[in-house]
Amino acid sequence: MPQIKSAMKRVKTAESANLRNNAQRSSMRSAIKNFETSAAKNADNKDGLFRTAVRAIDMAKSKGLIKANKAARDKSRLAKMN
């Protein structure tokens, strides 16, 4: 554990950022997986799930969780299924 006050604060902020990033990354992956399963079953709500997945990817990109090339690659891969 750090002794310096600013370093102690940095540990706390890093923990909260890590939790927030993991939650957002998990929700992005869940949205992608939901769309992929509905596309495989050719479900009726496929278009709505596609928009949700693309929005989750764009939000993760804007927050810096994933890089721009990965976002473009994922959206392109999903668009081929749609």
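For the structure itself, consult the block above.
Anyway, here's the lowdown on the structure attached to this text. (Residues numbered from 1 in each chain as written. Predicted model: local features only at pLDDT ≥ 70, side-chain atom pairs only at ≥ 80, totals over all residues. Heavy atoms only, no water.)

1. A short note on the side chain of Q24
Note that Q24 resides in helix α1 (residues 5-41). Contacts of Q24, omitting those with residues within four sequence positions, involve M59, A60, K63 and L65. (Helix = DSSP H or I, 4+ residues; strand = E, 2+ residues; numbered from the N terminus. Contact = heavy atoms within 4.5 Å.)

2. What to know about the environment of K70
Mapped onto the fold, K70 is located in helix α3 (residues 68-81). What makes K70 partly exposed here is its relative accessible area of 31%. Distance in space between the C-alpha atoms of K70 and N42 is 25 Å, their sequence separation being 28 residues. (Buried < 20%, exposed > 50% of the residue type's maximum accessible area, 1.4 Å probe, protein only.)

3. Thoughts on the packing of aromatic side chains
Scanning the entire structure with this criterion turns up one aromatic pair. Seen in terms of ring centroids, F35 and F50 are 5.4 Å apart; in terms of plane orientation they differ by 55 degrees. Their pairing is tilted. Highlighted residues: F35 in helix α1 and F50 in helix α2 (residues 46-63), separated in sequence by 15 residues. Considered together, F35 and F50 belong to a single accessibility category, that of buried residues. (Phe/Tyr/Trp six-rings, centres within 6.5 Å; stacked < 30°, edge-to-face > 60°.)

By themselves these figures say nothing about function.
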